[in-house]
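Listed here are the chains, written in short residue letters.
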Amino acid sequence: MRDDEQVLSRTTTYRFSARTRLACSYALMVVGCGAILLTVLVLYLGYGPEYAFGPAAGNNGSDSLVIVPDDGGADGAVLSVEVQSRDDLIRLLVGVSAVVLVVLAGASSLLAWWVAGRMLRPLSEINRAARLAADGRLDHRIGLSGPRDEIVELAQTFDMMLASMERFTNAQRRFAANASHELRTPLAANKTMLEVALARGESEHREMFKRLAALNERSIQTVEALLDLADAESGHRQPADVDLAELFEDALALHEHEAAARMLTMTSKLEPSLTVGDERLFSQLAGNLVQNAIRHNREGGSLEVRTESIVSADGVLFARAVVENSGQVIDPADVGSLIEPFATGSERTRGDSRGLGLAIVSAIVNRAEGTLELTARPEGGLRVVVTLPAGAST
């Protein structure tokens with residue numbers, strides 16, 4: 001399957017709303033019952049017992065049946081229908097019943113529409129609460145009350161779930177803030193002392209100081225990456241249109257020296273690719289993908305970056321970024337674990353790797369309601385495809 005087909009396989013099947021389907025179902029059931037009743041009456045009149053048609057008054061002695069209502073008109077006139085045969089009676093019955101069925105279908109549809117709306121209104125509130133929760137708003141509650149039935153129980157259970165998620169998220173954020181305060185300060189102090197020790201000149205412990213400085217810097221980067229991961233998973237900002245081409249262009253320029261130091265060949269084809277979301281997070285996504293492709297590469301290897309806008313089979317527009325790099329051969333069975341925190345894959349771990357780059361990318365993509373596809377290249381290295389919803393101005 002081609003990449004476009006794999007990425008755009010998330011097609012949406014459009015159909016009428018549940019309220020419309022319920023209303024139509026109720027109306028069809030009413031009309032169906034009426035049609036069955038009419039059919040039984042027609043069959044009974046057509047094949048049932050014979051009826052005798054006698055002469056009607058004022059009809060010059062011809063055989064006919066006069067159907068007279070119980071009451072007359074407003075002016076005292078008598079309304080009557082003359083039926084001369086069984087076929088006439090059946091045609092009269094079918095005609096009157098057809099009119100009644102049409103009126104009944106319209107009335108039942110309106111009534112069913114109103115009843116379905118009343119029944120499904122709580123589900124609309126639950127759906128709204130779920131959307132807010134997916135957007136990071138865990139403080140919203142449905143608060144549905146009334147007789148205890150399945151829908152009320154579902155709403156109350158959903159509120160309980162939101163409360164538990166809010167407590168857990170708040171505890172996680174407090175932990176991240178406390179960890180930031182507790183870890184940044186000693187790591188910064190260690191960095192300063194190591195820089196002072198190295199600045200004093202030659203020492204028999206100079207190499208040890210260099211190693212400690214490198215380890216301390218790695219710890220600082222790990223702490224920053226953990227905070228970035230927590231921010232990507234729980235942060236909320238006003239979305240805006242963002243061009244992935246500009247972000248990847250900045251990321252390539254930022255890491256150009258690091259790529260040159262490893263003698264990597266970088267190629268790019270950056271076409272306009274608008275998406276919608278948090279520009280700061282998308283900038284971090286681009287930087288992490290480029291940095292990951294450089295650090296998990298072989299000396300003298302290659303790095304390719306592409307951005308583009310693509311259209312699915314059903315006409316939906318997406319923004320896509322593709323990052324490919326050379327490197328060690330990766331077992332396809334290990335690819336899925338690369339988005340887990342601190343997972344780097346076999347034979348890909350380097351001393352400067354934090355193991356959080358792809359985990360942060362995955363969190364950002366999930367928050368933007370996009371897709372992340374990782375593929376191990378047969379010749380070695382990794383192919384990363386990010387697909388995001390297109391921006392409003394695309």
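Because the structure is predicted, anything quoted here is derived from the model rather than measured.

## Re the overall build of the protein chain
No. 1: In terms of helices and strands, the protein chain carries nine helices and nine strands.
No. 2: Residues counted as buried form 35% of the 394 residues belonging to the protein chain.
No. 3: Across the protein chain, contacts joining residues at least 24 apart in sequence account for 68% of those joining residues at least 6 apart.
No. 4: As displayed, the protein chain has an accessible area near 23,700 Å², and 58% of this comes from carbon and sulfur atoms.

## Digging into helix 8 (residues 279-295)
No. 1: Over its 17 residues, helix 8 extends 24 Å from the first C-alpha to the last, a length consistent with the 24 Å expected when each residue adds 1.5 Å.
No. 2: Among the 17 residues that make up helix 8, 14 are buried, leaving the element largely enclosed by the rest of the structure.
No. 3: Taking the backbone nitrogen of Arg-280 as reference, a side-chain oxygen 3.0 Å away marks Asp-278 as the first, capping residue of helix 8.

## Considering the pairing of strand 7 (residues 317-325)
No. 1: Among the nine residues that make up strand 7, eight are buried, leaving the element largely enclosed by the rest of the structure.
No. 2: In terms of strand pairing, strand 6 (residues 302-311) meets strand 7 through nine bridges, oriented antiparallel. If you follow Arg-306 over to strand 7, its bridge partner there is Val-322.
No. 3: What sits between the antiparallel neighbours strand 6 and strand 7 is a turn of five residues, in which Gly-315 has the positive phi angle 85 degrees.
No. 4: Where strand 7 meets strand 9 (residues 382-389), eight bridges bridge the pair, whose relative direction is antiparallel. The residue of strand 9 that forms the bridge with Ala-321 is Val-386.

## Thoughts on the sheet that holds strand 4 (residues 265-270)
No. 1: Spatial ordering of the open sheet is given by 4-6-7-9-8, a layout of five strands whose pairing is mixed. This sheet does not close on itself; its edge strands, each paired only once, are strand 4 and strand 8 (371-376). Recorded for the sheet is a direction-independent mean angle of 15 degrees between the axes of neighbouring strands.
No. 2: Bridge analysis of strand 4 against strand 6 gives six bridges, and the strand direction is parallel.

## Thoughts on the pattern of salt bridges
No. 1: In this structure the tally under the stated criterion is 11 salt bridges.
No. 2: Between Glu-271 and Lys-269 there is a salt bridge, with its nearest N and O atoms 3.8 Å apart.
No. 3: For Glu-271, a relative accessible area of 34% corresponds to the partly exposed category.
No. 4: Taken together, the shared-partner salt bridges connect Glu-304, Arg-306, Glu-324, Arg-377, Glu-379 and Arg-383 into one network.

## Let's talk about the side chain of His-255
No. 1: Residue position: His-255 is located in the loop between helix 6 (244-254) and helix 7 (256-261).
No. 2: The class for His-255 is buried, based on a relative accessible area of 10%.
No. 3: Leave out the neighbours within four places in its chain, and His-255 touches Gly-287, Val-290, Gln-291 and Ile-294.

## Quick word on empty space enclosed by the protein
No. 1: As enumerated under the stated definition, the model contains two cavities of 30 Å³ or more in all.
No. 2: Approximately 50 Å³ is the volume found for the second largest cavity.
No. 3: Forming the walls of the second largest cavity are Leu-289, Asn-292, Ala-293, Val-323, Asn-325, Leu-382 and Val-384.
No. 4: Those elements giving two or more residues to the lining of the second largest cavity turn out to be helix 8, strand 7 and strand 9.
No. 5: No other element matches the three residues that helix 8 contributes to the lining of the second largest cavity.
No. 6: Tallied by class, the residues present in the lining of the second largest cavity amount to five nonpolar, two polar and no charged.

## A few points about a nonpolar patch on the surface
No. 1: A contiguous nonpolar surface patch, about 350 Å² in accessible area, is contributed by Val-30, Leu-92, Val-96, Val-100 and Leu-104.
No. 2: A total of four residues in the nonpolar patch trace back to one element, the largest contributor, which is helix 3 (residues 86-134).

## Quick word on unusual backbone geometry
No. 1: A positive phi angle is found at Met-263, which is not glycine, with a value near 60 degrees.
No. 2: Structurally, the position occupied by Met-263 is in the loop between helix 7 and strand 4.
No. 3: Owing to a relative accessible area of 57%, Met-263 belongs among the exposed residues under this scheme.

## Quick look at the nonpolar core
No. 1: Residues Phe-248, Leu-285, Leu-289 and Leu-303 are the most contacted members of the largest nonpolar core, which totals 36 residues.
No. 2: The set of elements that each furnish at least two residues to this core consists of helix 6, helix 8, strand 6, strand 7, helix 9 (357-367), strand 8 and strand 9.
No. 3: Top element by residues in this core is helix 8. It accounts for eight residues.
No. 4: Apart from residues lying up to four places away in sequence, Phe-248 is in contact with Leu-270, Leu-285, Ala-286, Leu-289, Val-290, Val-305, Thr-307, Ala-321 and Val-323.
No. 5: Core analysis: the next-biggest nonpolar cluster, separate from the first, contains eight residues, Ile-126, Ala-133, Leu-138 and Phe-158 among them.

Rules used in this analysis
Residues numbered from 1 in each chain as written. Predicted model: local features only at pLDDT ≥ 70, side-chain atom pairs only at ≥ 80, totals over all residues. Heavy atoms only, no water. Helix = DSSP H or I, 4+ residues; strand = E, 2+ residues; numbered from the N terminus. Buried < 20%, exposed > 50% of the residue type's maximum accessible area, 1.4 Å probe, protein only. Contact = heavy atoms within 4.5 Å. Areas by Shrake-Rupley, 256 points an atom, 1.4 Å probe, with all protein chains shown as cover. Expected span 1.5 Å × (residues − 1). Polar contact = N/O pair within 3.5 Å; in protein donor to acceptor, adjacent residues only side chain to side chain. Pairing = 2+ DSSP bridges. Axes fitted to C-alpha atoms, helices over the stretch in contact; angles between N-to-C directions. Salt bridge = Lys/Arg side-chain N within 4 Å of Asp/Glu carboxyl O. 1 Å grid on protein atoms, 1.4 Å probe; cavity = no way out; pocket = protein on both sides within 12 Å on 5 of 7 lines; lining within 4 Å. Points joined across faces, edges and corners; volume = space filled by probe spheres on them. Nonpolar A, V, L, I, M, F, W, Y, C, P; charged D, E, K, R; others polar. Patch = residues over 30% accessible without salt bridge, like charges linked within 9 Å, V, L, I, M, F, W, Y side chains within 5 Å. Core = buried A, V, L, I, M, F, W, Y, C linked by side-chain atoms within 4.5 Å.

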